[in-house]
Every structure is written in structure tokens, then in C-alpha cells.
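Report on the structure
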Amino acid sequence: MTGYLEGDPASCSLVGGSMRRLASQLRAGLADVQAAAHAVEPEWSGRVARTVGTQRRQVEEGVAAVADALDRAGAALQDYATQLADGLQAQRAAESGAAVAGLEVIDGQVSIAWGVSGVADEAAAQAREVRRDHYQDALDRAVVTLDRQRRRLVRTVASLTDELASAASRLR
């Protein structure tokens, strides 16, 4: 048996969790900055105060946008990790079932294992083909499902990359 689906759900989930924690820390820091600014606003006025206040709000908006993007990226990565784990489990189940049925999986293709398989029996050969088709369908479904999830993750990350670039340029 060979692993046709690749990936590490634990690492994907770990990175996604780290991104979401960072987003949470950014939001907490932002809340502290906003509280401190709100505390000094009544005592600070004038042109410089207005200029600093405008710049502070721009930074706050940029930090909030970055935190939101990191949170969404982390959530998407954690969701993908779940789907990847399910796909790998489906692959293992199909490969195990195929092996019990006298079949083997090589590079995602289910075929009859080499060796003596018994007396020539048309009914047994047809039954083996039905089992082969069943396990091939199970593997194909896992691959297609995971491919859709990967494409969704790529689209999400591409969109969030654009959002982060825009937020970074506004912060400059």
C-alpha cells in the first residue's frame, strides 16, 4: 500500500491555531491602545492631538484588518486540516479493505494483487472486480473532496494575501 493523499493535518491545524492566537493577541493589544487613547483624549487637544488621533485611528484600522485576515486564514487552515485528516482516514480504510479483499493500491489505483488467486471462477472474478470498483470509488471520492478543499484554501489564502498587502500599504 502506498499513501496517495499527502499532507500533515496536525501541522496544518497547529499553524492555523498559531495564526488565530496571533490575531487574538493583536486584538487585545489594539483594545489596550484604544483604552489608553480614550483615557487621554479629554486632556489633549489641538492640532497635534487631531493629527495624532487621525494617524492612530488609521493604524487601529490596519491592525484590525490584519487581525481579521489572520483569524480567517487560521480558521481556513484548521478547516482544511480536518478535511485532510478525513481524507487520509478514508484512504487508509480503502487501502485496508482492498488488502483484505486481495487487492492492492499503488499510486491511487486499485488493482488485483499479484499471485495465485484460486481456481478460475467467473463469479469470483466478477465479485473481485466489483470490490475493486468499490475501493477505487472510495479512493477517488477522497481525492476529489480533498482537491476541492485545497482549491478553496488556495482561493482564501490568495484573497487574504491581497487584504494583508492592502492593509500593509495603508499602514505605511
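Structural data are supplied above this passage.
Reference entry: report on the structure contained in this document.

Criteria and cut-off values
Residues numbered from 1 in each chain as written. Predicted model: local features only at pLDDT ≥ 70, side-chain atom pairs only at ≥ 80, totals over all residues. Heavy atoms only, no water. Axes fitted to C-alpha atoms, helices over the stretch in contact; angles between N-to-C directions. Helix = DSSP H or I, 4+ residues; strand = E, 2+ residues; numbered from the N terminus. Parallel < 35°, antiparallel > 145°, perpendicular 65-115°, else oblique. Nonpolar A, V, L, I, M, F, W, Y, C, P; charged D, E, K, R; others polar. Buried < 20%, exposed > 50% of the residue type's maximum accessible area, 1.4 Å probe, protein only. Pairing = 2+ DSSP bridges. Salt bridge = Lys/Arg side-chain N within 4 Å of Asp/Glu carboxyl O. Left-handed = near helix turned anticlockwise from the far one by under 90°. Expected span 1.5 Å × (residues − 1). 1 Å grid on protein atoms, 1.4 Å probe; cavity = no way out; pocket = protein on both sides within 12 Å on 5 of 7 lines; lining within 4 Å. Points joined across faces, edges and corners; volume = space filled by probe spheres on them.

Considering the packing of helix α2 (residues 47-100) against helix α3 (residues 122-171)
Between α2 and α3, the shortest axis-to-axis distance is 9 Å and the interhelical angle comes to 170 degrees. For the element pair α2 / α3, the angle class is roughly antiparallel. Tallied by class, residues from the contact of α2 with α3 come to 22 nonpolar, nine polar and five charged.

Here we look at the environment of Ser 111
Assignment of secondary structure puts Ser 111 in strand β2 (residues 109-112). The partly exposed category is assigned to Ser 111, whose relative accessible area is 29%. When the C-alpha positions of Ser 111 and Gln 136 are compared, they lie 8.8 Å apart, and in sequence the two are 25 residues distant.

Structural notes on the pairing of strand β1 (residues 103-106)
Along β1, the buried face is formed by Leu 103 and Val 105; none of Glu 104 and Ile 106, which line the opposite face, is buried. Count of turn residues in the β1/β2 antiparallel hairpin: two residues, of which Asp 107 carries a positive phi of about 50 degrees.

A look at the environment of Ala 158
Secondary-structure assignment places Ala 158 in helix α3. The partly exposed category is assigned to Ala 158, whose relative accessible area is 41%.

Overview of the pattern of salt bridges
Side chains that differ in sign of charge can pair as their charged atoms come close. Under the criterion given, the structure shown has nine salt bridges. A salt bridge links Arg 56 to Glu 41, with the shortest nitrogen-to-oxygen separation between them at 3.0 Å. Highlighted residues: Arg 56 in helix α2 and Glu 41 in the loop between α1 (9-40) and α2, separated in sequence by 15 residues. With its nearest N and O atoms 3.3 Å apart, the salt bridge here joins Arg 132 to Glu 129. A residue pair is termed a helical-turn pair when its members lie 3 or 4 positions apart in one helix, as Arg 132 and Glu 129 do in helix α3 at three residues. Accessibility expressed as a relative area gives 33% for Glu 129, which makes it partly exposed. Residues joined by salt bridges that share partners form a network here, namely Arg 20, Arg 27, Asp 68 and Asp 71.

Examining the packing of α1 against α2
The N-to-C vectors of α1 and α2 enclose an angle of 160 degrees; their axes lie 7 Å apart at closest approach. Considering their axes alone, α1 and α2 lie roughly antiparallel with respect to each other. When you trace α1 past α2, the crossing you get is left-handed. Classifying every residue of the contact of α1 with α2 by side-chain character gives 23 nonpolar, six polar and six charged.

Concerning the pairing of β2
As paired elements, β1 and β2 share four bridges and run antiparallel to each other. Bridge assignment links Leu 103 to a residue of β2, and that residue is Ile 112.

Things to note about α1
The end-to-end C-alpha distance of α1 is 47 Å, a good match for the 46 Å that 32 residues give at a rise of 1.5 Å each. Among the residues of α1, those classed as buried are Pro 9, Cys 12, Gly 16, Gly 17, Ala 23, Leu 30 and Ala 37.

Description of the layout of surface pockets
Rolled over the atoms, a probe with the dimensions of a water molecule shows which regions are left empty. In this structure, the largest pocket occupies an estimated 170 Å³ of space. Considering the residues around the largest pocket, the lining is formed by Ala 37, Val 40, Glu 41, Trp 44, Ser 45, Gly 46, Ala 49, Arg 50, Val 52, Gly 53 and Arg 56. Counting residues per element, the ones that place at least two in the lining of the largest pocket are α1 and α2. It is α2 that provides the largest number of residues to the lining of the largest pocket, a total of five residues. Across the lining of the largest pocket, the residue classes tally to five nonpolar, three polar and three charged.

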